[in-house]
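Listed below, chain by chain, are the residues.
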Amino acid sequence: MAIGVFDSGVGGLSVHHALVRRLPTADFVYLADQANTPYGGRAGEDIVDLTRAGCERLFESGCDLIVLACNTAAAVALRRLQQTWLPGYRHARRPRPLNILGIIVPTIEAATGLPWTHEPQQPVDKVEHVDVLGIFSTPATAGSRVYEIEIDKRSGDVAVFSEPCATLARQIEAGVGADELRAVVEGHVVALTRRIGRSPDRAILGCTHYEIIADLFRAALPAGTPLIHQPDATADAIALYLQRHPEYDPGSGGGRRFLTTGTPGVQNGLVEQFWGEPLTFDAA
Ligand code: DGL
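Every residue gets a number counted from 1 within its own chain, in the order that chain's sequence is written. Whole-chain, interface and lining totals are the exception, using all residues; otherwise, since this is a predicted model, local features are given only for residues with pLDDT of at least 70 and side-chain atom pairs are given and counted only at 80 or more. Think of the side-chain values as coming from all heavy atoms in the structure, minus any hydrogens and water.

(A) Representation of the environment of Gly251 within the structure. Put simply, DSSP marks the helices as runs of H or I at least four residues long and the strands as runs of E at least two long, and each gets a number from the N terminus on. Its location among the elements puts Gly251 in the loop between helix H12 (230-244) and strand S9 (256-260). A relative accessible area of 14% means that Gly251 is categorised as buried. Note: C-alpha distance between Gly251 and Ala26 (225 residues apart in sequence) is 4.9 Å. Any two residues whose heavy atoms approach within 4.5 Å are treated as being in contact. Residues within four places of Gly251 in sequence aside, it is in contact with Met1, Thr25, Ala26 and Asp27. Here's how the labels work: a residue is buried when its accessible area is under 20% of the maximum for its type, exposed when over 50%, partly exposed in between, all with a 1.4 Å probe on protein chains only.

(B) Structural view of the site of the ligand. For this purpose, a residue is taken to be near a molecule or strand whenever a single non-hydrogen atom of the residue falls within 4 Å of it. Taken together, 14 residues lie near the ligand, and Ser8, Tyr39, Gly40, Thr72 and His209 sit nearest. Here a polar contact is recorded for every N or O atom pair within 3.5 Å, except that within protein the pair must consist of a potential hydrogen donor and a potential acceptor, and residues adjacent in sequence are included only if both atoms are side-chain atoms. In this structure, Asp7 approaches the ligand through a side-chain N or O atom, which is 3.0 Å from a nitrogen atom. One of the side-chain N or O atoms of His209 is found 2.7 Å from a nitrogen atom in the ligand. Accessibility throughout is a Shrake-Rupley quantity obtained with a 1.4 Å probe, and a residue counts as covered only by protein chains that appear here. For the ligand, whose accessible area on its own is 290 Å², the fraction buried by protein is 99%. Taken together, the elements giving at least two residues each to the shell around the ligand come down to helix H3 (71-76) and helix H10 (208-211). The classification used treats Ala, Val, Leu, Ile, Met, Phe, Trp, Tyr, Cys and Pro as nonpolar, Asp, Glu, Lys and Arg as charged, and all other residues, Gly among them, as polar. Partitioned by chemical class, the residues of the shell around the ligand number five nonpolar, eight polar and one charged.

(C) Quick look at the pairing of strand S7 (residues 202-205). Every second residue of S7 is oriented toward a common face, with Arg202 and Ile204 on one face and Ala203 and Leu205 on the other, all of them buried. Two strands pair under a simple rule: DSSP has to find at least two bridges between them. As judged from the four bridges shared by strand S5 (residues 131-137) and S7, these two strands associate in the parallel manner. Among the inter-strand pairings, Phe136 is bridged to a residue of S7, identified as Leu205. Here S7 pairs with strand S8 (residues 227-228) via two bridges, running parallel. Residue pairing across strands places Ala203 opposite Leu227, the latter belonging to S8.

(D) Representation of the packing of aromatic side chains within the structure. To pair, rings of Phe, Tyr and Trp, with the six-membered ring standing in for Trp, must have centres within 6.5 Å; the planes then decide the type, stacked if under 30 degrees apart, edge-to-face if over 60, and tilted in the middle. All chains considered together, the criterion is met by 11 aromatic pairs. Taken together, a centroid distance of 6.3 Å and an interplanar angle of 45° make the contact between Phe6 and Tyr39 tilted. Taken as a pair, Phe6 in strand S1 (residues 2-7) and Tyr39 in the loop between strand S2 (28-32) and helix H2 (44-60) lie far apart in primary sequence, 33 residues in all. In this structure, Phe6 and Tyr39 share a single accessibility class: buried. Here the aromatic rings of Phe258 and Trp275 are separated by 5.7 Å at their centres, their planes lie at 85°, and the arrangement is edge-to-face. Pair noted here: Phe258 is in strand S9 and Trp275 is in helix H13 (residues 269-275), with a separation of 17 residues, a long-range link. We note that Phe258, like Trp275, is buried. Among the aromatic residues, those joined into a ring-pair cluster are Tyr30, Phe258, Trp275 and Phe281. The criterion for a charge sitting over a ring is simple: Lys NZ or Arg CZ within 6 Å of the ring centre, and within 35 degrees of the ring normal. Its end group placed over the ring of Tyr89, Arg93 keeps NZ or CZ at 3.6 Å from the ring centre.

(E) The arrangement of the sheet that holds strand S10 (residues 265-266) in detail. Taken in spatial order, the seven strands make up an open sheet running S4-S3-S1-S2-S9-S11-S10, and their pairing is mixed. Across the chains shown, the open sheet's two edge strands, defined by having one partner strand only, are strand S4 (99-101) and S10. As paired strands, S2 and S9 are joined by five bridges and run parallel to one another. Within the sheet, the bridge partner assigned to Val29 lies in S9 and is Arg257. Here, axes are lines fitted to C-alpha atoms. For helices the fit covers the stretch in contact, and angles between N-to-C directions go from 0 to 180 degrees. On the sheet, helix H1 (residues 13-22) packs against S1, S2, strand S3 (63-68), S9 and strand S11 (280-283) and is oriented at approximately 175° with respect to S2. Against the sheet, H2 engages S1, S2, S3, S4 and S9, with an angle of about 145° to S3.

(F) Representation of H2 within the structure. By definition here, a helix of n residues has an expected span of 1.5 Å times n minus one. With 17 residues, H2 should reach 24 Å at 1.5 Å per residue; the first-to-last C-alpha distance of 24 Å fits that figure. Looking at H2, one finds that the buried residues are Ile47, Val48, Leu50, Thr51, Gly54, Cys55, Leu58 and Phe59. Within two residues after H2, Gly62 carries a phi angle of roughly 100°, on the positive side.

(G) Fine view of the sheet that holds strand S6 (residues 158-164). What the four strands build is an open sheet, ordered S6-S5-S7-S8; its pairing is parallel. Both edges of this open sheet fall to S6 and S8, since each of them pairs with a single strand only. In the packing of helix H7 (residues 146-154) onto the sheet, contacts are made with S5, S6 and S7, and the angle to S6 comes to roughly 175°. Against the sheet, helix H9 (residues 178-196) engages S5 and S6, with an angle of about 140° to S6.

What follows is the structure in structure tokens.
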């Protein structure tokens, strides 16, 4: 068996990287849907269909557990697939356990310091200090308002402001130069700061592509602004899930396969810099 990791492109490698560090002996298959990237400006139904196709491909390659390392897919498609598609698909393939997990739940747990199952709290009358959380994401993730809704339910003293970044995932996918990326990131930090009326106290890079250029976000935000690190939060949550669910066998050969629906071959310089060496993808 292996653990499947899915993203529209190379962004999910940031999560894959943390998963591999956390579970070094597990076998992983990474699938990038580069024929259809980016997802962030697509219609919801389109994102659901593409995510389902990606999951089918990973289940067919022998993965029983899939991590959607894509906020857009997790925000827009995960619940739909878990409710309407996965039960029948799993039933037809029993006794394989088959499941799909996302990255938003662990990120919200890390942001609130509360377990997902924490009872939604009663409205708070008076809040002494509001913790302002800025979230940079794709337009589809921002439009879903998942972070605002779920954090608001749990923490009355956290105010969430989202900044949709329409072009950034595509630019990272295309490997554009650092100067161009820096200008775009700075523009989004300025726009968010204006909307809030001050700088955020903390930030989430709510698109896995942005982790690849996390340094540019760190440089654009006021020095020392804490970033909630989505890949580490996800890796911890998946390791715990595997402990609690021994029916999922993550493998023990340390296998790493990288597949793309796009053009196979070596990924761009930004990815190489992040990964530390050239990374070659095979045809999915
Ligand atoms: N990396 C993905 C995310 O976390 C998708 C970006 C995109 O395809 O637009 O949202």
